[in-house]
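Examining the three-dimensional arrangement
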Amino acid sequence: MGGIALWAQAGFWGVVAGSALLLGAAVGYWMPVPQRVIAAIMAFGSGVLISALSFDLMDEAFRQGGFNATAIGFLGGAILFTAANRILASFGAKHRKRSSGRQVDEGNGTALAIGALMDGIPESIVIGLSLLKGGAVSTVTVAAIFLSNIPEGLSSAAGMKRAGRSVRYIFGIWGGIALASGAAALVGYSLFQRFSPAVIAATTAVAAGAILAMLVDTMIPEAFEEAHDYAGLITVAGFLSAFALSKLGGA
């Protein structure tokens, strides 16, 4: 993609990663996937993202901005996500990633949509930021986000279907978020290319903190609820897969 403008590449890869939400939603809506399988996929996706934020995002943030900027950004991202998540939970989006039907009690579709968007934006911004390193997107980051988005879309769509949401509603949400992911990646590249390495490092760390808080608050509980004793092992397998991709495939 060397002849394509970098901002366009950022948007493209953001959409590619976000499109996994639609893929997962299609599987979750039209295929009778057992809840324990969904939970296992959620655990695997959680491990993939934990590896990516540990060995790609945090390492890069530390390399660019040092410990202070990285630590402040990481904690700030977690605090921002937690605060926003608590607000959305009060409006009915607490179980937005659950596949077991607990979304039946969540009547506020707007809160569900905003919550799903909030989960995906930090990941997409990171894709745009990765292009600032040397004009090439981090394939490890894109692959990790793509792999983690499949179970997210699958679980949420299965839960929304059980809650009686229409197919137009479900795919409207995930299609919109896939497009928003592209826009967020574009913004991540276009806006932050003018800032200092310390600001970019802090922003990367903010995204990493928000992603980790999102995993613990939303994806991991869904995984443990059904997979139980195997959730940890499956999460480790996802972590190792992303780690191998990072070390053997390069960035």
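Each value, and the rule that gives it
Residues numbered from 1 in each chain as written. Predicted model: local features only at pLDDT ≥ 70, side-chain atom pairs only at ≥ 80, totals over all residues. Heavy atoms only, no water. Helix = DSSP H or I, 4+ residues; strand = E, 2+ residues; numbered from the N terminus. Buried < 20%, exposed > 50% of the residue type's maximum accessible area, 1.4 Å probe, protein only. Contact = heavy atoms within 4.5 Å. Areas by Shrake-Rupley, 256 points an atom, 1.4 Å probe, with all protein chains shown as cover. Phe/Tyr/Trp six-rings, centres within 6.5 Å; stacked < 30°, edge-to-face > 60°. Lys NZ or Arg CZ within 6 Å of the ring centre and 35° of its normal. Core = buried A, V, L, I, M, F, W, Y, C linked by side-chain atoms within 4.5 Å. Axes fitted to C-alpha atoms, helices over the stretch in contact; angles between N-to-C directions. Parallel < 35°, antiparallel > 145°, perpendicular 65-115°, else oblique. Left-handed = near helix turned anticlockwise from the far one by under 90°. Patch = residues over 30% accessible without salt bridge, like charges linked within 9 Å, V, L, I, M, F, W, Y side chains within 5 Å. Salt bridge = Lys/Arg side-chain N within 4 Å of Asp/Glu carboxyl O. Nonpolar A, V, L, I, M, F, W, Y, C, P; charged D, E, K, R; others polar. Expected span 1.5 Å × (residues − 1). Bend = angle between axes of the 7 residues up to and from the residue. UniProt positions renumbered as here; feature names shortened; annotations may be inferred.

Turning next to the overall build of the chain. Within the chain, the secondary structure is distributed over seven helices and zero strands. Residues classed as buried in the chain amount to 49% of the 251 residues present. Taking the contacts inside the chain whose residues are at least 6 apart along the sequence as the reference set, 83% of them involve residues at least 24 apart. Accessible surface computed for the chain: about 10800 Å², of which carbon and sulfur atoms make up 70%.

Right, let's get into the packing of aromatic side chains. Centre-to-centre distance and the angle between the planes together describe a pair of aromatic rings. The full count for this structure, using the stated rule, is seven aromatic pairs. Judged by centre distance (5.6 Å) and plane angle (70°), the ring pair of phenylalanine 55 and phenylalanine 239 falls under edge-to-face. Of this pair, phenylalanine 55 sits in helix α2 (residues 35–90) while phenylalanine 239 sits in helix α7 (residues 231–249); the two residues are 184 residues apart in sequence, bridging distant segments of the chain. For phenylalanine 55, a relative accessible area of 30% corresponds to the partly exposed category. Summarising the aromatic geometry, the rings of phenylalanine 192 and phenylalanine 195 are spaced 5.6 Å apart at their centres and angled 45° between planes, so their arrangement reads as tilted. Taking the ring centre of tyrosine 29 as reference, the NZ or CZ of lysine 161 above it sits at 4.8 Å.

So, about the side chain of serine 124. Tracing the backbone through its elements, the reader meets serine 124 in helix α3 (residues 109–130). By relative accessible area, serine 124 is classed as buried at 4%.

What follows concerns the nonpolar core. One finds Ile127 and Leu215 to be the most contacted residues of the largest nonpolar core, which totals 35 residues. Those elements giving two or more residues to this core turn out to be α1 (6–30), α2, α3, α4 (139–162), α5 (167–192) and α6 (197–227). It is α6 that provides the largest number of residues to this core, a total of 11 residues. Setting aside its immediate chain neighbours within four residues, leucine 215 contacts Ser46, Leu49, Ile50, Leu53, Ile220 and Pro221. Ranked by size, the runner-up nonpolar core spans 11 residues in total, among them Leu21, Ala25, Met160 and Ile173.

We now examine the environment of alanine 231. Within the fold, alanine 231 resides in helix α7. The class of alanine 231 is buried, set by a relative accessible area of 8%. Beyond its immediate sequence surroundings of up to four residues, alanine 231 is in contact with Ala43, Ala223 and Phe224.

Turning our attention to the packing of α1 against α5. Two elements in contact, α1 and α5, have axes separated by 7 Å at closest approach and are oriented at 160°. It follows from the interaxial angle that α1 and α5 lie roughly antiparallel. As for how α1 packs across α5, the hand of that crossing is right-handed.

Looking at the secondary structure, you find threonine 235 in helix α7. Contacts of threonine 235, omitting those with residues within four sequence positions, involve Ala43, Ser46, Gly47 and Ile50.

Here we take up a nonpolar patch on the surface. A surface patch of nonpolar side chains, amounting to about 300 Å² of accessible area, comprises Val187, Leu191, Phe195 and Val199. Within the secondary structure, valine 199 sits in helix α6.

This next bit is on the packing of α2 against α4. Orientation of α2 relative to α4, taken along the N-to-C sense of each, is 150°, at an axis distance of 8 Å. What the angle tells us is that α2 and α4 run roughly antiparallel. Seen from above, α2 lies across α4 with left-handed handedness. Touching Gln35, Ile38, Ile41, Met42, Gly45, Val48, Leu49, Ala52, Asp56 and Leu57 of α2 are Thr141, Ala144, Ile145, Leu147, Ser148, Pro151, Glu152, Leu154, Ser155, Ala158 and Arg162, all from α4. Split into classes, the residues belonging to the contact of α2 with α4 amount to 13 nonpolar, five polar and three charged.

This next bit is on α2. The terminal C-alpha atoms of α2, which comprises 56 residues, lie only 26 Å apart, well short of the 82 Å expected from a rise of 1.5 Å per residue. Taking the largest bend as the criterion, α2 deviates by roughly 125°, centred on glycine 66.

Here the focus is the UniProt feature "transmembrane region" (unreviewed entry) in the chain. As annotated in UniProt, the feature "transmembrane region" (unreviewed entry) corresponds to residues 6–30, 37–55, 67–88, 169–192, 198–218 and 230–249 in the numbering used here. Between the C-alpha atoms that bound residues 6–30 the distance is 36 Å, and the span itself is 100% helix and 0% strand. The span residues 37–55 is 100% helix and 0% strand, and its two end C-alpha atoms sit 27 Å from each other.

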